[in-house]
Amino acid sequence: GDAAELTIHQAIETAKKHRPNIQALEYKIMEEKLKVKEAWSGYRPQVQLSSGIETSNSSLAVIEESNTLSSPSAMTYGLASIQAQQLLYQFGGPQQQAKIAQAGVAIAQYDKATQEAALTYEITKTCIDAWVIQQQQALFNQLELSSKRIFSRAQQQHDVELLDKQDFFGSVENRALA
């Protein structure tokens, strides 16, 4: 049957796409890059909004000016606030956090490159080992074919009585060793 051919480069690229530890390192790089952005966001304006409603019931009876007793009343308060701030500089704050995150990016990229190099070596070695086996198999096939031809020639010469038994076996042995 037809065998599908795969180049070393195709094998390496396919393995990189499907190797879980390399995929995990790609996600780690993205995570660390987002941490850098998050750290620098400390210098951006920050706005906080809050709102709420508070209700309270009075349990005391109120005597109105007409000397009549009225029932307890409910009071509702609305609360809202807006707070905005801008960080100009904070020692050890966003800038330091960004540096730490950038170091994390570099470490993750180094780890990924190391894993890819190890994978490339592993696949290249496997391909070379397979090629050596193929070459050995081709050599054995050639030796087998050559031995069959030598034996066939010696058999034909024996059949026409050009060689006696001792010469026949000597011829086969000498040619096989050559």
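Further up the page is the structure itself.
A quick note: this is a predicted structure, and the numbers were derived from the prediction, not measured.

**Concerning the layout of surface pockets**
Then step 1. Its volume calculated, the largest pocket comes out at about 240 Å³.
Then step 2. Around the largest pocket, the lining residues are Glu5, Leu6, Thr7, Ala11, Thr126, Cys127, Ala130, Trp131 and Gln134.
Then step 3. Top element by residues in the lining of the largest pocket is helix α3 (residues 94-159). It accounts for five residues.
Then step 4. In the lining of the largest pocket, the residues fall into five nonpolar, three polar and one charged.

**A word on the pattern of salt bridges**
Then step 1. Enumeration according to the criterion identifies 10 salt bridges in this entry.
Then step 2. Among the ionic pairs, lysine 16 bridges to glutamate 13, the shortest N-O distance being 3.8 Å. Residue lysine 16 and its partner glutamate 13 are located together in helix α1 (residues 8-18), separated by three residues, close to a single helical turn.
Then step 3. With relative accessibility at 41%, the residue glutamate 13 sits in the partly exposed group.
Then step 4. Note that glutamate 144 is salt-bridged to lysine 148, the shortest N-O span being 3.5 Å. Pair noted here: glutamate 144 and lysine 148 are both in helix α3, with a separation of four residues, about one helical turn.
Then step 5. Classification of glutamate 144 as partly exposed rests on a relative accessible area of 43%.
Then step 6. A relative accessible area of 52% places lysine 148 in the exposed class.
Then step 7. Linked through salt bridges whose partners overlap, the residues forming this network are Lys28, Glu31, Glu32 and Lys35.

**So, the nonpolar core**
Then step 1. Counting six residues, the largest nonpolar core is built from Ala11, Ile12, Ala15, Ile22, Leu119 and Ile123.
Then step 2. Taken together, the elements giving at least two residues each to this core come down to α1 and α3.
Then step 3. Tallying contributions element by element places α1 first for this core, with three residues.
Then step 4. Among residues more than four places away in sequence, those in contact with alanine 15 are Leu119 and Ile123.

**A closer look at α1**
Then step 1. Looking only at α1, the buried set comprises Ala11, Ile12, Ala15 and Lys16. Burial along α1 is one-sided: seen end-on, the buried residues are contained in an arc of 130 degrees. Residues of α1 that are exposed and angled more than 90 degrees away from the buried face: His9, Lys17 and His18.

**Structural notes on the environment of tyrosine 27**
Then step 1. Looking at the secondary structure, you find tyrosine 27 in helix α2 (residues 20-40).
Then step 2. Given a relative accessible area of 56%, tyrosine 27 falls into the exposed group.
Then step 3. Once the C-alpha coordinates of tyrosine 27 and alanine 108 are considered, the two residues, 81 residues apart in sequence, prove to be 9.3 Å apart.

The rules behind the values
Residues numbered from 1 in each chain as written. Predicted model: local features only at pLDDT ≥ 70, side-chain atom pairs only at ≥ 80, totals over all residues. Heavy atoms only, no water. 1 Å grid on protein atoms, 1.4 Å probe; cavity = no way out; pocket = protein on both sides within 12 Å on 5 of 7 lines; lining within 4 Å. Points joined across faces, edges and corners; volume = space filled by probe spheres on them. Helix = DSSP H or I, 4+ residues; strand = E, 2+ residues; numbered from the N terminus. Nonpolar A, V, L, I, M, F, W, Y, C, P; charged D, E, K, R; others polar. Salt bridge = Lys/Arg side-chain N within 4 Å of Asp/Glu carboxyl O. Buried < 20%, exposed > 50% of the residue type's maximum accessible area, 1.4 Å probe, protein only. Core = buried A, V, L, I, M, F, W, Y, C linked by side-chain atoms within 4.5 Å. Contact = heavy atoms within 4.5 Å. Arc of directions from axis to C-beta.

None of the figures reported here should be taken as evidence of function without further support.
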